[in-house]
Amino acid sequence: MNKSETLGRILVAISLVVFGIQHFLYGGFVAGLVPAFMPGRLFWAYFVGVAFFAAAAGILYEKMARPAATMLGAMFFFSVVLLHIPRIVTPARGGDEWTSGVVALAMCGGAWILASASPLYEREIADPFLKFGRYIFAMAFVGFGIQHFFDPRLTIRVGPPWFPGRPVWTYLTGIFFVVSGSAIFLGKKARIAATLLGAAIFLFFLLLHIPRIRAQLHDPGPWTSGFEVLALCGGALVLATTLPRENRE
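Procedures and definitions
Residues numbered from 1 in each chain as written. Predicted model: local features only at pLDDT ≥ 70, side-chain atom pairs only at ≥ 80, totals over all residues. Heavy atoms only, no water. Helix = DSSP H or I, 4+ residues; strand = E, 2+ residues; numbered from the N terminus. Buried < 20%, exposed > 50% of the residue type's maximum accessible area, 1.4 Å probe, protein only. Contact = heavy atoms within 4.5 Å. Areas by Shrake-Rupley, 256 points an atom, 1.4 Å probe, with all protein chains shown as cover. Expected span 1.5 Å × (residues − 1). Bend = angle between axes of the 7 residues up to and from the residue. 1 Å grid on protein atoms, 1.4 Å probe; cavity = no way out; pocket = protein on both sides within 12 Å on 5 of 7 lines; lining within 4 Å. Points joined across faces, edges and corners; volume = space filled by probe spheres on them. Nonpolar A, V, L, I, M, F, W, Y, C, P; charged D, E, K, R; others polar.

Caption draft 1: Representation of the overall build of the protein chain in the model. Scanning the protein chain for helices and strands turns up nine helices and zero strands. Mapped in sequence order, the helices and strands of the protein chain form the string α-α-α-α-α-α-α-α-α. Taken over 249 residues, the protein chain has a buried fraction of 45%. At a minimum sequence separation of 6, the contacts of the protein chain that also span at least 24 residues come to 70%. As presented, the protein chain carries roughly 13000 Å² of accessible surface, and 72% of it is formed by carbon and sulfur atoms.

Okay, structure coming up:
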């Protein structure tokens with residue numbers, strides 16, 4: 001692994017550890033998010049927390065990286081199907097459900113990007129479906145970009161309070177996400193797009209999410225959204241380093 005890919009994996013692993021800790025600190029709240037038809041909802045909250053810890057360790061251990069990231073992607077995929085889609089189609093739900101669903105989809109794609117970038121060992125067989133991680137990741141960012149034009153609440157979320165022209169930056173961010181996601185999906189200047197995307201997301205983490213976490217240390221919301229952003233940054237870095245050589249412009 002080169003340094004950028006290693007950094008990407010470390011960022012994802014750190015985020016997973018934070019998610020795992022949250023599942024134990026706020027198990028009752030997380031259990032309320034589990035579908036009502038599933039028995040033992042508190043058990044599943046803690047089980048997923050343990051799974052996050054295991055995935056973080058596996059991603060950092062080269063021989064376990066592929067299976068760990070593959071299962072992590074599958075877990076996020078099932079969360080989209082079982083948790084987020086039912087809430088999105090509920091009329092009473094707001095735009096936050098779309099955001100949460102697209103984040104989970106991007107996390108799924110990012111995990112499968114890590115899996116496909118990991119070396120094969122012994123009896124491991126390459127999984128053809130892992131190549132869809134890149135396309136899932138790209139489509140999620142196109143979705144993020146489109147949201148910036150239809151969710152007016154994002155005009156107060158993009159950039160720190162002191163940042164001038166925040167509504168304008170909201171639309172520029174939306175355009176950037178759509179263009180970057182499209183480039184990655186189509187394979188046109190994809191490596192450059194993934195690199196710029198990772199850098200931009202990291203700046204969002206530093207300038208937007210870190211101040212919110214510091215201001216609300218005991219609120220799990222800023223921690224979750226902040227480290228989701230950090231995990232997506234890691235996924236973009238890994239993607240940028242593993243694209244085919246002919247895409248390097």
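Now that the structure is up, let's keep going.
Caption draft 2: Main features of helix α8 (residues 190-215). In a regular helix each residue adds 1.5 Å, so 26 residues correspond to 38 Å; α8 covers 36 Å between its end C-alpha atoms and thus fits that length. Most pronounced at H209, the bend in α8 amounts to some 40°, and the proline P211 follows within four residues.

Caption draft 3: How the structure looks around the side chain of E5. Tracing the backbone through its elements, the reader meets E5 in helix α1 (residues 3-25). Note on E5: relative accessible area 7%, which makes it buried. Apart from the residues within four sequence positions on either side, E5 is in contact with A117, V238, T241 and T242.

Caption draft 4: Highlighting the environment of V238. Among the secondary structure elements, V238 is positioned in helix α9 (residues 220-242). V238 sits 124 residues away from L114 along the chain, and the two C-alpha atoms are 6.6 Å apart.

Caption draft 5: Just empty space enclosed by the protein, in detail. Evaluation of the coordinates by the stated rule reveals one cavity of 30 Å³ or more. Within this model, the largest cavity holds a volume of roughly 90 Å³. As for the largest cavity, its lining consists of 13 residues, of which V12, M107, G110, A111 and A231 are closest to the centre. Within the residue set of the lining of the largest cavity, elements represented by two or more residues are α1, α4 (62-88), α5 (95-117) and α9. Ranked by residue count, the leading element in the lining of the largest cavity is α5, at five residues. Along the lines of polarity and charge, the residues of the lining of the largest cavity split into 11 nonpolar, two polar and no charged.

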